[in-house]
Amino acid sequence: MLRPVLRLLACLMPLAAGAHAADGGAAGFATKAAQAYMIEASTGTVLLAKNEDQSFSPASLAKLMTMDLVFEAVTKSQITLDTEYPVSEYAWRTGGAPSRTATMFAALKSRVRVEDLIKGVAIQGANDSCIILAEGMAGSEQQFAQSMTRRARELGMEKAVFGNSTGLPDGKSKVTAREMVTLATTLQQSYPNLYPYFAQLDFEWNKIFQRNRNPLLGLDLGADGLATGFAEGEGYSIVASVQRDGRRLFLALAGIASDKERTEEAKRVLEWGLTAFESRQIFTEHEVIGAASVYGGSARTVDLVAKAPVSVYIPISNPDRLSARIVYHWPLTAPVKPDYQAGTLRIFAGSRLLREVPLYTAQAVGEGSLSSRAVDAVLELGESLFFSWLWDKSAPG
């Protein structure tokens, strides 16, 4: 049974008073976006959350999942950057020159290298590039779209549905802001050699010169990706990543009224995230954070530790208190091996979850004597009598 038992952490340190789903940000900060989600990459701390699990049409943001499948195939040597795929009439008419949508102008019945198709998607948001890749890799765009949705589930994107490779209107594609940040994080962290395509400022194909559609790249923010979108009736969206002064942020915004407002709002939110927070370490590496009950063991409890220092990003102003709890399947059953992932440390600001950290057993616990196991059996029957308790940990100096 999953129970939040043992120590409920009440850390006496500053924390954002807000960034709640209800108001969109910390005290004194709000976003115009209908849906928003932003994290700091090194700690996973949630800096901004507003309707982050509310679905919206991805539009061209769907192309990021297309890139994930392509990058994975290249990384696994299933295809190479020099692999060539043909331009079908469907790809040409639906996403090429006749479509009057974002296109790399691939010629009908020609063959295009995978690297050029990647540039077409990552730089221009080209619909013909997406369809050519989808048909070349999966045989049809429909089959490729099914792979996109399956991949979303593998990444923990439980709500996402992709009906095509481009994000062109299909009536069923949907994502959330939280999911798009998950996808952006995967692209940057899993494919470091391919991710830089998103930051390339321009691309020329068939003697047609086009600039990157990401409006943040030229704003001296440290932006290096990813994509923008627009859905009729839902407004403008963006998924962005910035790296500056040793910090990397991932942001997803959706439901913005205009193209101009999208650029302004993304810049404002990212600047706030880069300047209004500082990193604070809560626990050192392998510091004992709590203990889990052990059933039938030679010891009644086992210490729980994190494998790396536990830090969060907290605002420089607007101080508040952090809280946290250890959650695990109660009780652990002996024998317990060391370095076993036994639970999770969940760190909160109010009711809002900031980050989750896996916790591991610090030592082994062998099986106890027959009498001790009998006592534990009686105690297990009284499980409902257990409760969490509070403890304080002063902020590091």
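Above: the structure in question.
Residues numbered from 1 in each chain as written. Predicted model: local features only at pLDDT ≥ 70, side-chain atom pairs only at ≥ 80, totals over all residues. Heavy atoms only, no water.

Caption draft 1: Geometry of unusual backbone geometry. Cis rather than trans, the peptide bond between Gly 225 and Leu 226 has omega equal to 20°. Backbone torsion omega between Ala 334 and Pro 335 reads 0°, so that peptide bond is classified as cis. By the element assignment, Pro 335 lies in the loop between strand 17 (332-333) and strand 18 (341-349). Positive phi, close to 65°, is recorded for Lys 207, a residue that is not glycine. Considering the arrangement of structural elements, one finds Lys 207 in the loop between strand 7 (202-205) and strand 8 (208-211). (Helix = DSSP H or I, 4+ residues; strand = E, 2+ residues; numbered from the N terminus.)

Caption draft 2: Summary view of the nonpolar core. Leu 64, Met 67, Phe 162, Met 180, Leu 187 and Phe 198 are the most contacted members of the largest nonpolar core, which has 60 residues in total. Examining the composition of this core, we find that 8 residues originate from one element, helix 1 (residues 63-75), more than from any other. Among residues more than four places away in sequence, those in contact with Met 67 are Ile 118, Val 121, Leu 133, Leu 187 and Phe 198. By size, the runner-up hydrophobic cluster in this structure holds 27 residues, among which are Ala 324, Ile 326, Leu 332 and Ile 347. (Core = buried A, V, L, I, M, F, W, Y, C linked by side-chain atoms within 4.5 Å. Buried < 20%, exposed > 50% of the residue type's maximum accessible area, 1.4 Å probe, protein only. Contact = heavy atoms within 4.5 Å.)

Caption draft 3: Spotlight on the pattern of salt bridges. For the coordinates displayed, the defined rule picks out 19 salt bridges. When the shortest N-O distance is used, the salt bridge between Lys 260 and Glu 264 registers 2.4 Å. Placement of both Lys 260 and Glu 264 in helix 7 (residues 259-275) is noted, with a separation of 4 residues, approximately one turn of the helix. What makes Glu 264 partly exposed here is its relative accessible area of 41%. One salt-bridge network, held together by shared partners, links Asp 82, Arg 113, Glu 115 and Asp 116. (Salt bridge = Lys/Arg side-chain N within 4 Å of Asp/Glu carboxyl O.)

Caption draft 4: Structural context of helix 6 (residues 177-190). Taking 1.5 Å as the rise per residue, helix 6 with 14 residues should run 20 Å; its terminal C-alpha atoms sit 20 Å apart, in good agreement. Among the 14 residues in helix 6, 10 count as buried, and that is most of the element. Taken as a whole, helix 6 has its buried residues at Ala 177, Glu 179, Met 180, Val 181, Leu 183, Ala 184, Thr 185, Thr 186, Leu 187 and Gln 188. Where the residues of helix 6 are buried, they touch strand 3 (35-40), helix 1, helix 5 (141-154), strand 9 (223-231), strand 10 (235-244) and strand 11 (247-256). (Expected span 1.5 Å × (residues − 1).)

Caption draft 5: Region of interest: the side chain of Glu 179. Note that Glu 179 resides in helix 6. Although Glu 179 lies buried, it forms no salt bridge, and the closest oppositely charged side chain, Arg 153, sits 5.5 Å away as judged by the N-O distance. Of the polar contacts made by the side chain of Glu 179, one reaches the backbone nitrogen of Ala 160; its length is 3.1 Å. Other than its neighbours up to four places away in sequence, Glu 179 contacts Met 157, Glu 158, Lys 159 and Ala 160. (Lys, Arg positive; Asp, Glu negative; His and termini not counted. Polar contact = N/O pair within 3.5 Å; in protein donor to acceptor, adjacent residues only side chain to side chain.)

Caption draft 6: Just empty space enclosed by the protein, in detail. Taken as a whole, this structure holds 1 cavity of 30 Å³ or more when the rule is applied. Considered as a void within the structure, the largest cavity measures approximately 40 Å³ in volume. As for the largest cavity, its lining consists of Gln 35, Phe 56, Ser 57, Ala 231, Glu 234, Gly 235, Tyr 236, Ser 237, Ala 254 and Gly 255. When residues of the lining of the largest cavity are traced back to their parent elements, those giving at least two are strand 10 and strand 11. No other element matches the 3 residues that strand 10 contributes to the lining of the largest cavity. (1 Å grid on protein atoms, 1.4 Å probe; cavity = no way out; pocket = protein on both sides within 12 Å on 5 of 7 lines; lining within 4 Å. Points joined across faces, edges and corners; volume = space filled by probe spheres on them.)

Caption draft 7: Examining helix 3 (residues 114-124) more closely. By the criterion of burial, helix 3 is predominantly enclosed, with 11 of the 11 residues buried. Considered for burial, the residues of helix 3 that qualify are Val 114, Glu 115, Asp 116, Leu 117, Ile 118, Lys 119, Gly 120, Val 121, Ala 122, Ile 123 and Gln 124.

Caption draft 8: Expanded view of the packing of aromatic side chains. In total, this model carries 5 aromatic pairs according to the counting rule given. Measuring from ring centre to ring centre gives 5.5 Å for Tyr 195 and Phe 198, while their planes differ by 55°; the resulting arrangement is tilted. Phe 198 matches Tyr 195 in its accessibility class, with the two residues each being buried. Here Trp 272 and Phe 277 contribute two aromatic rings whose centre-to-centre distance is 4.9 Å and whose plane-to-plane angle is 75°, an arrangement assigned as edge-to-face. The exposure classification of Trp 272 matches that of Phe 277, with both residues buried. Linked through ring pairs, Phe 71, Tyr 191, Tyr 195 and Phe 198 together constitute an aromatic cluster. (Phe/Tyr/Trp six-rings, centres within 6.5 Å; stacked < 30°, edge-to-face > 60°.)

Caption draft 9: The arrangement of the layout of surface pockets in detail. In this structure, the largest pocket spans a volume of roughly 690 Å³. Only helix 1, helix 3 and strand 9 provide two or more residues apiece to the lining of the largest pocket. Of the residues in the lining of the largest pocket, the class split is 16 nonpolar, 14 polar and 6 charged. Estimates place the volume of the second largest pocket at around 330 Å³. Around the second largest pocket, the lining comprises 17 residues; the ones closest to its centre are Tyr 37, Ile 39, Gly 44, Val 46 and Leu 354. Within the residue set of the lining of the second largest pocket, elements represented by two or more residues are strand 3, helix 6 and strand 19 (352-361). Broken down by element, the residue count for the lining of the second largest pocket peaks at 5 residues, all from helix 6. Classifying every residue of the lining of the second largest pocket by side-chain character gives 8 nonpolar, 6 polar and 3 charged. (Nonpolar A, V, L, I, M, F, W, Y, C, P; charged D, E, K, R; others polar.)

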